[in-house]
Amino acid sequence: MTDLILQALFSGVLIGGVYALVALGLALSFGAMRIINLAHGELVLLAAYCAYLVETRTGLDPYAAIPLALLVVAGVSAVLFLMIDRIRQDRELNSLILTYAVGIILTNAILLAFASDVRSTASPTLQDAVTLGSVYAMTGEIIAFGLSLVLMVALWWWLKRSWYGRAVRAVSSNRAAATLMGISPGRTELVAFLVAGALASFAGVALYTMSVIQPALGHALTVKAFVITVLAGVGSIPGVFLGALLLGVTEALTVTLASSALQDLAGMVLFLVVLFLLPNGLFGARARRG
Amino acid sequence: MAPAHRDPRIPAPASGKPWRNAALVGACLVLAALPVLLGASNYLLGLLISALILSGIALAWALLGNLGGMVSFGHAAFFGVGAYASALISARLGVPVLLAIPLAGLCAALSALAMLPTLRLSGPYFALAILAYAQIFRILATEATGLTGGGAGLQRFPGLPTILGLDLGSRTGSYGLLVAMVALSALAYEAIRRSHVGTALRAIAHSEDATRVVGVNSVLLKAWMLLLSAFMTGVFGALNAHIIGFLEPAYAFSGLWSVMPIIAAIFGGYRTVLGPIGGAIVIYLFDQLVAKDLIAVGHQILLGLVLVVMVLIAPNGLLGLLKRRAGGRPHADA
């Protein structure tokens, strides 16, 4: 039993790494534009299907699909951004509905292009088992987790040190003041949106190498990403990482101790409990929601 | 809480001229009677029945969105609760179906009580918290096999009865019943909109803080709107269950019951009463007759496109667009 629980904790942490990437993209576009991109999970899934396409058509490693995924997702993100930018009236409500609609379009486009079958990588290298003491993992899971860590550090560095990263933080904390300092909020928002798209691309390809994908997954990913941002509170990368690990571990433990049917229930209940009891998220934050 | 003087900055409810409203109601009734008078096929009546079910939910969604200022992505929760409650109350307790349906509405409103804490949340947080509830409800309904029959489904429950010689279970009877129910819901919506409560809700939409300062309990009013919206959705879920005669969690709590009303209400104009009703009929018939024909699997892609176009070009919906074209106010207020 202890072994099973240890295994669940380990697997939960590994999938949590990819969840963190998905959630960081959502949090970044939310931070910069104050809108929740309800199509974010579908962008991740789009990248995952790029990996599937490259693997099945060329026989290359799924990670070879990253340039294609970046291109496709950045293109869709840019179009999405231009549409959101056009909204003048009731921006919060209408952007929510607009991104939701784009999510519906992407889900059905994926369904049309790839059918509703469940897909996963065929690469034997990625599916090789690695044993660490009494727990084991697939090579793909370890690589994906490593990639997540590297990207999180890169994002942290970008936000902290680069000009555009600082601009994103400036626009996020005070739009008017940032404009006075010579930052173009429109362009900064676009950059933040594209970086969020890049994170989604990596997350999608990583997801494909370690898990199974199907068209309906996009919506579920959006919800998971949102749950994690709520768990984390506003504006903290370590918070998002820990929130993602918590969600991954909670799901894995529920599957091991109860049943896989209850996996999503556990995440949702965790979400509501945090929402009601800790309005600022688990890991403290400056701004209060609402 | 009823304000004695109306603040001139708060737009008055669109009252219109009485004869115009009467003419509108008359036109709607004639339009509603037309399919029956022209002897429409059972297939067409079946489509219209489903469209009217959707009209009811879209109206309930718009009530919450317009009067309560809350966007819900989880009306499937109320629809499913209403459907199962009515089926179980009528089958297990032997309550007459026509009594079970309003009771099911009450059950849906009761289930909304569990969501009251979400009223503290604003905008996207509320929308997604409701979505979380809808998922929780679906999973619970699937797991509670003793009560709901789980994934195997539930089909041993009575259909609509015959009242005064009119078989409500027949296509024509069900159609008539649904026209009446949608009309009743629209009247209730309109009555609230014109009441002091409606005035207070419009004020909340402008500035919640300012409205609270003058002594309006905004959270209470929003809570009532949530419960009422849940009740209406539950009633239509119950009607649908008795007409279809079969329930399973994947159907009764399907995300479609959350998505379709949003598309319908936005398409028609969610800040009007007739918009969601007409929008639902147009959208449903378009989806079933046109979109499904063009693309068998994934036909909702067209609905997504419609929604994108509406938000970008006419965020006030078709009715809002028409009003603007007609030289009315720049945008239709609550």
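Here the structure is a predicted model, which means the values were calculated and not measured.

A. Highlighting the interface of chain A and chain B. Taken together, the contact pairs 34 residues of chain A with 34 residues of chain B. Contributing elements (two or more residues each) for the side of chain A that touches chain B: helix 3 (66-86), helix 4 (91-114), helix 10 (217-232) and helix 12 (263-277) of chain A. With 14 residues, the top contributor of residues to the side of chain A that touches chain B is helix 4 of chain A. Considering only residue class, the side of chain A that touches chain B consists of 25 nonpolar, 4 polar and 5 charged.

B. View of helix 12 of chain A. Between the first and last C-alpha of helix 12 of chain A there are 22 Å, a value that for 15 residues agrees with the 21 Å anticipated at 1.5 Å per step. Buried within helix 12 of chain A are the following residues: Leu265, Gly267, Met268, Leu270, Phe271, Leu272, Val274 and Leu275 of chain A. Lining the buried residues of helix 12 of chain A we find helix 10 and helix 11 (237-257) of chain A together with helix 5 (123-143) of chain B.

C. The arrangement of the environment of Ala65 of chain A in detail. Residues and elements named next belong to chain A. Tracing the backbone through its elements, the reader meets Ala65 in the loop between helix 2 (40-58) and helix 3. Given 27 C-beta atoms within 10 Å, Ala65 falls into the buried group. A C-alpha to C-alpha distance of 5.8 Å links Ala65 and Val54, two positions 11 residues apart in sequence. Discounting residues that sit within four places of it in the chain, Ala65 has contacts with Cys50, Ala51, Val54 and Val205.

D. Summary view of the UniProt feature "transmembrane region" (unreviewed entry) in chain A. Here the UniProt feature "transmembrane region" (unreviewed entry) sits at residues 6-28, 66-84, 96-115, 135-159, 190-210 and 265-285 of chain A. Secondary structure across residues 190-210 of chain A divides into 100% helix and 0% strand, with the first and last C-alpha atoms of the span separated by 30 Å.

E. Just the confidence of the model for chain B, in detail. Residue and element names in this part refer to chain B. Taken over all residues, the pLDDT of chain B has a mean of 84, while the share at 70 or more is 92%. Mean pLDDT across the elements of chain B ranges from a minimum in helix 1 (residues 18-37), with 75, to a maximum in helix 4 (residues 97-113), with 94. Counting contacts from residues 1-12, a segment whose pLDDT is below 50, to residues more than four positions away or on other chains yields 14 contacts. This model gives residues 329-334 a pLDDT under 50, and the stretch forms 15 contacts once residues within four places in sequence are excluded. In the model output, the complex is listed with pTM 0.86 alongside ipTM 0.85.

Rules and cut-offs
Residues numbered from 1 in each chain as written. Chains lettered and ligands numbered in written order. Predicted model: local features only at pLDDT ≥ 70, side-chain atom pairs only at ≥ 80, totals over all residues. Contact = placed C-beta atoms within 7 Å. Helix = DSSP H or I, 4+ residues; strand = E, 2+ residues; numbered from the N terminus. Nonpolar A, V, L, I, M, F, W, Y, C, P; charged D, E, K, R; others polar. Expected span 1.5 Å × (residues − 1). Buried ≥ 20, exposed ≤ 12 C-beta atoms within 10 Å, placed from the backbone. UniProt positions renumbered as here; feature names shortened; annotations may be inferred. pLDDT = per-residue confidence, 0-100.

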